Amino acid sequence: MVPTFYYVLLSALLFCVGVTGVLIRRNALVVLMSVELMLNSANLALVAFAHARQDVTGQLLVFFVIVVAAAEVAVGLALLVTIFRTKQTTNIDDINVLKG
Amino acid sequence: MSDLRWVIWLIPALPLLGFLVTVLLARSERAAGLIASVAVGLSFVATIASIAVMQSLPEEARRLNIVLWEWISVGAFRVSFGVLFDQLTAVMALLITGVGGLIHIYSIGYMHGDSRPVRFFAYLNLFIFAMLMLVMADNLLLLFLGWEGVGLCSFLLIGHYFDRRSVAPGIVPSEAAVKAFVVNRVGDAAFLLAIILVFSRLGSISFFPNEALGINGYLERAPELAFTQVGIGFLGSIGVITAICLLMLIGVTGKSAQVPLYTWLPDAMAGPTPVSALIHAATMVTAGVYLIVRNHTLFSASPTAAGVVVAIGLVTAFLAATAAITQFDIKRVLAYSTISQLGYMVTAVGMGAYAAGMFHLLTHGFFKALLFLAAGAIIHAVHETQDMRRMGGLKDELPTTFRIYAIGALALAGIFPFAGFWSKDEIIAHAWFTVQNPGAAVALIVTSMLTAFYMGRQVALIFYGKRREPGTPAHEPGNAMRIPLFILAAAAVLGGLINLPGVHWLSSFLEPVIHEPEVVYTLGMGILATIATLLSIGGAYLGWWLYARALAGRVRPGRDDPALRYLGDLWRGAELGWGFDWFYQRVIVRPYRNFSQTLSDVFDRQGIDGILVAGPGRILGVLAHGVRVAQSGFVRNYALAFLIGVVVLVGYFTLAGR
Amino acid sequence: MIEIPPIDWSVVLQLCIIFGGATALLMADLFIPEVRRRVTGYLALAVLAAAAIAGVAPWGCRGHTFSGTIQIDSFSLVLNWIFMLGAAITIVLSFDYLPRHGINRGEYYVMILFAVGGMMLLAQGADLVVLFLGLELLSITLYALAGFAYPRTTSEEAAMKYLLIGAFATGFLVFGIALVYGATGATNLAQIGAVLAEGRIDGENRIYLMAGAAMTVIGLGYKISLVPFHMWTPDVYEGSPTPITAFMSVAGKAAAFAGMTRFLLTALETQREIWVPILAALAAITIVVGNLGALTQQNVKRMLAYSSIGQAGYILLGPLAASERGTEAMLYYLLAYTLTNLAAFGVLIALEARGEAAWNLSDLGGLWQRSPGLAIAMAIAMLSLAGVPPTAGFVAKFAVFTAAWQAGQAVLVFIGVIVSAIAAFYYLRVVAQIFMSEPTREVEISSDRVLAFGIGLSVIAIVLIGVLPARLLNLI
């Protein structure tokens, strides 16, 4: 059996990939995908812990996370569409009217 | 008579009512002035009635405390919303409602034709209410409420002439108002810390115990903690009482305009003159002195703190007196003079001369209010001019005002037998004989000499010589302004009676609160008083002579003080045989003038103003700019800052939690 | 056959009313014509009122249900009332605002109700899963509300920034919860606390626990604008429709504080010596940065955004005291802050009568001559924010300061008091502008009765609970 630690390590790595994606990508769509990656890496960790402890709570939480992530993306994509309509861009560096 | 105790509630309630009625009902200038004046007048009557009620009680019961409701009550932390009326409060309330009432009446005349009279009188009444709350509070938190309240009213009133772009050169009223409030807030912050410290160490913030509510009083517990220490970080530790007193003292330096937080007061002269008289001379600025007297058990228990109080008072008294000499704005002279006199009072209470300090507070309230109101009459008479270089020769045009002003000036200069002589002398005598601190006594005498000098100079500049800027003839004030002036002039002449040596009406009245031993008079005191007075007379004469005779011709509008530029005329002066004149100028006046000019330059403009107000202001401005530059608008930068926070927090948690 | 555990409905009654009411309102709104859109708002107010009344009966009780994931106690009841009060005043402030800005759509009120539901989940949650759910429900509705004024670009931008940073923070929150779960085997706050109290956690589990706790704190901390997770705040607050800015600055913040307090004081109670110093440091930085940012702002709406960051730092002193006194102080502060900020933003809404931004400092010039009522309201709100007695803001600051002082946070109190003195500068500048200057340009002022009522109510409450806080503090 694979030790839980490896799963956690993998999920931490995926999480870092997601964080890096948020920091360096300019396309809002890709940023949202990176956030998805962060959430799903947490899901991986949750499932691994649940498996190790033979406990259902962790797996339950995964469903909540998936639902919430879907809702978040739905709102995010809707916003993206309206912004694309007014600004003709999905580059998040172009939305910086508010500052100071 | 005990059923008449409710009357003390009327004292603060009437001005509050007056405020509300003025705001809600008054539409005309006349109505506003009348309502406001009547409210304060009735409050004065209520004060006298309260004193009568109090005096009719047996001696040990002469501290009335009425609690309206419990303000805050969380576990052990209980604060009542109640008024306290004892002898100390009575004296303060008399001053506030008495002088306040006169200034209200004066304002009816002075503010005639103002564009916002209703607002003005409403604020004045609100101020009287807040000030009464300050002196009648039965606990520190309620006192703080009044403390902030008077600051707020001061803020609102300083900015009254906002539409006159600049009342005095370089001062914008609304900026002066904000400056006054913010500088005061710095002191208030320390005061708030003192309150928290009092509560956490002494278990209560009520001055005296209240059996009905089961609240302890903290004042009587102070001696228990005389040797307890409190840590102040890497600086080691300090006595609890000392810490409390020092924090309170910072609050006092803000409200009572002491070094180093005094800089707001000269600018506060941008407000209408009655406001300067009421708030920035007679009442609000004395709140700090009241605070120290109220907490005298704490200050007596900490010699260190008391020493700092004396030092601050002395430095303030001296520096402000030197600065007053170099001013040309009639109100700024009086403002610096107020700071200097407040330094006197602070010195007195720091030395433990509480009765003398209160005595000076009262007499100063009379004659400084008088001087400000008379100055207001002059300013009106010469059509809103405040520059003394543009006046001169008003003695003949304004004979009544001249006499009144002279009375005020003599009282301030401490000349026998005017009010200022008695109170000032008691402080000097206390310094020399009771606490045996000749250094302080000499400093006080020198200051009083300077005081006499600048008052002599001011009287000379305003009233003597020829009118330097001919214009329409000046006119005497109307009745509404004249009657309060006469009453205050009488008080300035006779004010010394309330605490004459031997009679000591004030001291014995205050004795139950401040427990001060009776002063025994000796011949030495008489000699000291004579010397001090002779020096003051000399100073006053010198000031008058220089500016009314010797240098009078060289005072011109828009030009420097002739004494400052005297160097160029040195030769001619010697040729003409002005030996004495030359000597005075060369040896006393000029170096002294340069010295005082330097001091006032350094401390007023660059130094303390610069370091404490502009300096941090500039640093804060730079920091604020930094915060706003970091807010770049790029969401990825925000995420980066976020990530840095994450790294710090996760790193700290995992390392600390191992 | 699965055994369904019995459900104590009284615990979730308020939640049921809010969610049921919101869903019903969504349907009902379809049948309400646009000219009568206010009816939707009044119905939403009715739902809030019903839920508020439902909180009276269980007063003083403690209980939990759904396998101990949702609980009810006086803490949550007081917070629920604060949320509902905030939401109700927000709705009142919106009546005039929405049509003027051409965004008079019924789902606005529905989403506010759903947000309140999310807040209540945060206050009543006894389980990390519920806290997560509540936070996300709150956040997602707020993203949509922030962008409600589309196609106005600032509104869209605010929503997008909020969403991106919010989703980023959610990632940390979920990963944190996963790690805490991995270390303790529990998501229930009380169970986590119990496991930690036994002290059986070591090795890699210890690292999971600590990293997880830190990430959970971050996930909640971004919502209360803790520096350095605060940077979304000024932009989002400025861009969002003003009533929504008011709503998220008060109710959203209160909800996040509720979750934060629950997590810190129930689950991490035994780890106090670890989280207190670092959070104290963050509170100090938050106070300083927030107030510095506000210091030189000419834009009052943005100034209030920075000020809300600073205020969050002060509120954090309450949970940091980790005492009953501290929690009480926090609740009082939240209530005072809710009323104060709503009044301040209410005045800004009244100034936006033309449907364009009128929140420059100079737009407030001479407000006293133009509208004395609004001038007094704004002045009292500013004084309350600056902590000047006798307003609620003063009692609130004093309460958190004493609580923190008694918990040994003297340095923090010192910093807080000094900064609050400096902060007086920018609050008072607004008051000076109102009373001591002439109007610079003609700004139309809304004369809507309902709006005036909402502002007036808040202002009276500010003074009232400032003068008579004893009863209230006892209640809490």
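Model, not experiment: these values are computed from the prediction. (Residues numbered from 1 in each chain as written. Chains lettered and ligands numbered in written order. Predicted model: local features only at pLDDT ≥ 70, side-chain atom pairs only at ≥ 80, totals over all residues.)

Structural notes on the overall build of chain C
Reasoning step 1: Within chain C one finds 19 helices and two strands.
Reasoning step 2: Radius of gyration (C-alpha) of chain C: 21 Å, near the 23 Å computed for a compact globule of 476 residues.
Reasoning step 3: Principal-axis analysis of the C-alpha atoms places the extent of chain C at approximately 70 × 55 × 45 Å.
Reasoning step 4: In chain C, which comprises 476 residues, the share counted as buried stands at 69%.
Reasoning step 5: Considering only contacts in chain C between residues 6 or more positions apart, those separated by 24 or more positions represent 80%. (Helix = DSSP H or I, 4+ residues; strand = E, 2+ residues; numbered from the N terminus. Rg over C-alpha atoms; globule rule 2.2 N^0.38 Å. Buried ≥ 20, exposed ≤ 12 C-beta atoms within 10 Å, placed from the backbone. Contact = placed C-beta atoms within 7 Å.)

Topic: the interface of chain A and chain B
Reasoning step 1: On the side of chain B, ten residues touch chain A, which itself brings nine residues to the contact.
Reasoning step 2: Residue composition of the side of chain A that touches chain B, by class: five nonpolar, two polar and two charged. (Nonpolar A, V, L, I, M, F, W, Y, C, P; charged D, E, K, R; others polar.)

Here we look at helix α8 (residues 203-221) of chain C
Reasoning step 1: With 19 residues, α8 of chain C should cover 27 Å at 1.5 Å per step; its first-to-last C-alpha distance of 27 Å lies within 8% of that length.
Reasoning step 2: The element α8 of chain C is extensively covered by neighbouring structure, given that 15 of its 19 residues are classed as buried. (Expected span 1.5 Å × (residues − 1).)

Some points on the packing of helix α13 (residues 324-351) of chain C against helix α15 (residues 372-386) of chain C
Residue and element names in this part refer to chain C.
Reasoning step 1: Where α13 contacts α15, the axes come no closer than 9 Å and their chain directions differ by 145°. When the axes of α13 and α15 are compared, the crossing they make is left-handed. Residues Ala336, Thr340, Ala343, Ala344, Val347 and Ala350 of α13 lie in contact with α15, whose contacting residues are Leu374, Ala377, Met378, Ala381, Ser384 and Leu385.
Reasoning step 2: Looking at the contact of α13 with α15, its residues break down into ten nonpolar, two polar and no charged. (Axes fitted to C-alpha atoms, helices over the stretch in contact; angles between N-to-C directions. Left-handed = near helix turned anticlockwise from the far one by under 90°.)

Quick word on the interface of chain C and chain B
Reasoning step 1: With 60 residues of chain C at the interface, the matching set in chain B holds 57 residues.
Reasoning step 2: Class assignment of the residues belonging to the side of chain C that touches chain B gives a composition of 45 nonpolar, eight polar and seven charged.

Structural notes on the nonpolar core
Reasoning step 1: In this structure, Leu370 of chain B together with Tyr333 and Val400 of chain C are the most contacted members of the largest nonpolar core, which totals 502 residues.
Reasoning step 2: Contact partners of leucine 370 of chain B, with chain neighbours within four places excluded, come to Ile404, Gly408, Leu485, Leu488, Ala489 and Ala492 of chain B. (Core = buried A, V, L, I, M, F, W, Y, C linked by C-beta atoms within 7 Å.)

Looking at the packing of helix α5 (residues 128-146) of chain C against helix α6 (residues 153-184) of chain C
Residue and element names in this part refer to chain C.
Reasoning step 1: At a minimum axis separation of 9 Å, α5 and α6 run at an interaxial angle of 170°. Judged by the inter-axis angle, α5 sits roughly antiparallel to α6. From α5, Leu128, Phe132, Glu136, Ser139, Leu142, Tyr143 and Ala146 reach across to α6, where they touch Ser155, Ala158, Ala159, Tyr162, Leu163, Gly166, Thr170, Leu173, Val174, Ile177 and Val180.
Reasoning step 2: Looking at the contact of α5 with α6 residue by residue, the class counts come to 13 nonpolar, four polar and one charged. (Parallel < 35°, antiparallel > 145°, perpendicular 65-115°, else oblique.)

Let's talk about the confidence of the model for chain A
Reasoning step 1: When pLDDT is averaged along chain A, the result is 91, and 100% of the positions lie at 70 or above.
Reasoning step 2: When mean pLDDT is taken per element in chain A, helix α2 (residues 28-53) of chain A scores highest with 94 and helix α3 (residues 57-87) of chain A scores lowest with 92. (pLDDT = per-residue confidence, 0-100.)

Details of unusual backbone geometry
Reasoning step 1: Here the residue pair valine 227 of chain C and proline 228 of chain C is connected by a cis peptide bond, since its omega of 5° sits within 30 degrees of zero.
Reasoning step 2: Considering the arrangement of structural elements, one finds proline 228 of chain C in the loop between α8 and α9 (232-239).
Reasoning step 3: The peptide bond linking proline 389 of chain C to proline 390 of chain C adopts the cis configuration, its omega dihedral lying at 5°.
Reasoning step 4: In this fold, proline 390 of chain C is placed in the loop between α15 and α16 (392-406).
Reasoning step 5: Even without glycine at this site, glutamine 54 of chain A takes up a positive phi of about 50°.
Reasoning step 6: By secondary structure assignment, the location of glutamine 54 of chain A is in the loop between α2 and α3.

Description of the confidence of the model for chain C
Reasoning step 1: Of all residues in chain C, 98% have pLDDT values of 70 or greater, and the mean over the chain is 91.
Reasoning step 2: Here the prediction assigns the complex a pTM of 0.88, and the interface score ipTM is 0.96.

Things to note about helix α7 (residues 189-198) of chain C
Residue and element names in this part refer to chain C.
Reasoning step 1: For α7, every residue scored as buried is listed here: Leu189, Ile192 and Leu196. The buried residues of α7 all sit within an arc of 60° when viewed along its axis, so they share a single face. Within α7, the exposed residues directed more than 90 degrees away from the buried face are Ala197 and Glu198.
Reasoning step 2: As for α7, its buried residues are in contact with α5, α6 and α10 (242-267).
Reasoning step 3: The first or second residue beyond α7 is glycine 199, which carries a positive phi of 70°. (Arc of directions from axis to C-beta.)

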